[in-house]
Amino acid sequence: MIEVYTGNGKGKTTAAIGLAIRAMGHDQRVRMVQFMKGWEGYGELVTAKKIGLPIEQFGRKEFVDKDHPEERDFELARDCFDRAMEIIEKRECDLLIIDEINVALEYGLLKLEDVLKLMDAIPSEMEVVLTGRYAHPAVLEKADLVTEMVEIKHPFREGIEARKGVEF
Ligand code: ATP
Ligand code: MG
């Protein structure tokens, strides 16, 4: 089945990682690819190495400028998409998490038709999670499970910066 975790509230990527932990408990094979992320200091990346959860990052350390993405951002997004497609076609895992794919689409780094093609390629025995704000209505339509994280409160609004172990 295809799951989507979207919305502007906190908890999308961490929910997907929680699912990975659950699936691994049943000896399921899990893979995670990340659009627009290239920083190696995320706590989950360090833990993932220890527990044998493969996370492949396709991004720069810096944030992508939505209005002026660099050529490199397009290349990395293409590489991430191709890798996700390869994992699906080769049935490399039981659970595949495609982190921030919704944002990559919203930023114009991916084409909607390609994302829909990818969704169509997912075999029935594979669970795939698509995360990120701004999920496209056509993606929501095609998904089997959609959860929207709604921001009711976030300390960021009070000027509190990203916290170690909480945001990264
Ligand atoms: P998390 O990784 O904590 O599960 P997320 O995947 O839902 O969060 P993203 O939309 O990917 O959140 O946001 C990236 C970063 O911004 C994360 O570090 C996250 O904690 C933080 N964040 C999430 N929601 C908000 C918000 N409403 N305002 C500001 N920052 C947020
Ligand atoms: Mg996220």
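Residues numbered from 1 in each chain as written. Chains lettered and ligands numbered in written order. Predicted model: local features only at pLDDT ≥ 70, side-chain atom pairs only at ≥ 80, totals over all residues. Heavy atoms only, no water.

Caption draft 1: Highlighting the sheet that holds strand 5 (residues 127-131). Taken together, six strands build an open sheet; the order of strands is 3-2-4-5-1-6 and the sheet is parallel. Edge positions in the sheet fall to strand 3 (55-58) and strand 6 (145-148), since each of these pairs with one other strand and no more. In this sheet, adjacent strand axes meet at a mean angle of 15° when their direction is disregarded. As paired strands, strand 1 (residues 2-6) and strand 6 are joined by four bridges and run parallel to one another. Its bridge partner lying in strand 6, Tyr5 is registered against Thr147. Each of strand 2 (30-35), strand 3 and strand 4 (95-99) is contacted by helix 3 (residues 71-89), which is oriented at about 160° to strand 2, the strand it contacts most. (Pairing = 2+ DSSP bridges. Helix = DSSP H or I, 4+ residues; strand = E, 2+ residues; numbered from the N terminus. Axes fitted to C-alpha atoms, helices over the stretch in contact; angles between N-to-C directions. Contact = heavy atoms within 4.5 Å.)

Caption draft 2: Here's a closer look at the pairing of strand 4. Across the five residues of strand 4, five count as buried, placing the element largely inside the fold. Here strand 4 shows a buried face lined by Leu95, Ile97 and Asp99 and a second buried face lined by Leu96 and Ile98. As paired elements, strand 2 and strand 4 share five bridges and run parallel to each other. By the bridge assignment for strand 4, Val30 is matched with Leu95. (Buried < 20%, exposed > 50% of the residue type's maximum accessible area, 1.4 Å probe, protein only.)

Caption draft 3: Layout of the site of ligand 1. Taken together, 13 residues sit near ligand 1, with Lys10, Lys12, Thr14, Arg133 and Glu151 positioned nearest. Side-chain polar atom of Glu100 to an oxygen atom of ligand 1: 2.8 Å apart, as the coordinates give it. Expressed as a share of its isolated accessible area of 570 Å², the protein-covered part of ligand 1 is 82%. Given that more than half its atoms are within 2 Å of the pocket grid, ligand 1 belongs to the largest pocket. Broken down by class, the residue content of the shell around ligand 1 amounts to one nonpolar, six polar and six charged. (Near = heavy atom within 4 Å. Polar contact = N/O pair within 3.5 Å; in protein donor to acceptor, adjacent residues only side chain to side chain. Areas by Shrake-Rupley, 256 points an atom, 1.4 Å probe, with all protein chains shown as cover. 1 Å grid on protein atoms, 1.4 Å probe; cavity = no way out; pocket = protein on both sides within 12 Å on 5 of 7 lines; lining within 4 Å. Sits in = over half its atoms within 2 Å of the grid points. Nonpolar A, V, L, I, M, F, W, Y, C, P; charged D, E, K, R; others polar.)

Caption draft 4: Empty space enclosed by the protein, seen in detail. Enumeration according to the criterion identifies one cavity of 30 Å³ or more in this entry. Its boundaries defined by the atoms lining it, the largest cavity holds a volume of some 40 Å³. Contributing to the lining of the largest cavity are Met36, Phe58, Gly59, Arg60, Val64, Asp73, Leu76, Ala77 and Leu109. If one sorts the elements of the lining of the largest cavity by residue count, helix 3 sits on top with three residues. Classifying every residue of the lining of the largest cavity by side-chain character gives six nonpolar, one polar and two charged. (Points joined across faces, edges and corners; volume = space filled by probe spheres on them.)

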